[in-house]
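Report on the structure
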Amino acid sequence: MRKTIVTAMAAGSILLGGCTAYGGDPLGGLLGGLLGGGGYGNTNTNLSQFEQAAADACGREAQRYGRVQLTNVQQATNDTVRVDGRIETRDTRNDEFTCTFRSDNRIVDFRTG
């Protein structure tokens, strides 16, 4: 019984460790990158609340595909913010993405390419 528990814990640690290494810490990386210029490469700490919400939402969406680096967060109109960035994928490609976030807290356009 004891050997089974230790083996299961080791297997779980390996699986979770792989997820963490690939995607990073979703909240720590996102908040660190946006607020402190860390994980996502966005050094602009003068974001409005609307731009911050857009960066958070678009960063989370992009993180579904790999490690994220935000390159630009800019309010495009009164109702939208455009977020640009790069996604590092497992096959070592760096895909770029653009995301449009609307004032009703919805992503209305997300494109990679």
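Above this text sits the structure in question.
Here is what the cut-offs are and how they apply
Starting afresh in each chain, residues are numbered from 1 along the sequence in its written order. Local features in this predicted model are restricted to residues whose pLDDT is 70 or higher, and side-chain atom pairs enter the listing and the counts only when it is 80 or higher, whereas totals over whole chains, interfaces and linings include all residues. Side-chain descriptors were evaluated using all non-hydrogen atoms of the structure, hydrogens and water having been removed beforehand. Only buried Ala, Val, Leu, Ile, Met, Phe, Trp, Tyr and Cys residues count toward a nonpolar core, and they belong to the same one when joined by side-chain atoms within 4.5 Å. Between buried and exposed lies partly exposed: a residue is buried under 20% and exposed over 50% of the maximum accessible area for its type, with that area taken using a 1.4 Å probe on protein chains only. Only DSSP runs of H or I reaching four residues or more are called helices, and only runs of E reaching two or more are called strands; each is numbered from the N terminus. In this analysis, rings of Phe, Tyr and Trp, with Trp reduced to its six-membered ring, are considered paired at centre separations within 6.5 Å, and the interplanar angle assigns stacked below 30 degrees, edge-to-face beyond 60, and tilted for intermediate values. Between any two strands, at least two bridges found by DSSP are needed for them to pair. All axes here are fitted lines through C-alpha atoms, helices being fitted over the stretch that makes contact, and every angle between N-to-C directions spans 0 to 180 degrees. Contacts are assigned to residue pairs that have any heavy atoms within 4.5 Å of one another.

L70, V73, V81, V83, F97 and F101 are the most contacted members of the largest nonpolar core, which totals 16 residues. Taken together, the elements giving at least two residues each to this core come down to α3 (49–63), β1 (67–75), β2 (80–88) and β3 (94–102). Of all the elements, α3 adds the most residues to this core, at 6 residues.

Let's shift gears to the packing of aromatic side chains. Overall, the coordinates contain 3 aromatic pairs when judged by the stated rule. A ring pair is formed by F50 and F101, whose centres lie 6.1 Å apart and whose planes are at 50 degrees; its orientation type is tilted. Highlighted residues: F50 in helix α3 and F101 in strand β3, separated in sequence by 51 residues. For the pair F50 and F101, a shared accessibility class is recorded, and that class is buried. Where F97 meets F110, the ring centres are 5.5 Å apart and the plane angle is 25 degrees; that geometry is what we call stacked. Taken as a pair, F97 in strand β3 and F110 in strand β4 (residues 106–112) lie far apart in primary sequence, 13 residues in all. Every member of this aromatic cluster is reached through a ring pair, and the members are Y65, F97 and F110.

This part is about the sheet that holds β3. The strand order β1-β2-β3-β4 describes an open sheet built from 4 strands, whose pairing is antiparallel. Each of the sheet's edge strands pairs with one partner strand only, and the pair in question is β1 and β4. Adjacent strand axes in the sheet meet at a mean angle of 20 degrees when their direction is disregarded. As judged from the 8 bridges shared by β1 and β2, these two strands associate in the antiparallel manner. The partner of R67 across the bridge, within β2, is E88.

For F97, a relative accessible area of 2% corresponds to the buried category. The spatial distance from the C-alpha of F97 to the C-alpha of I87 is 7.3 Å, given a sequence separation of 10 residues. Ignoring sequence-local partners within four residues, the contact set of F97 consists of C58, A62, V68, L70, V83, D84, G85, R86, I87, F110, R111 and T112.

Fair warning: the whole summary comes from geometry, so function is off the table for now.
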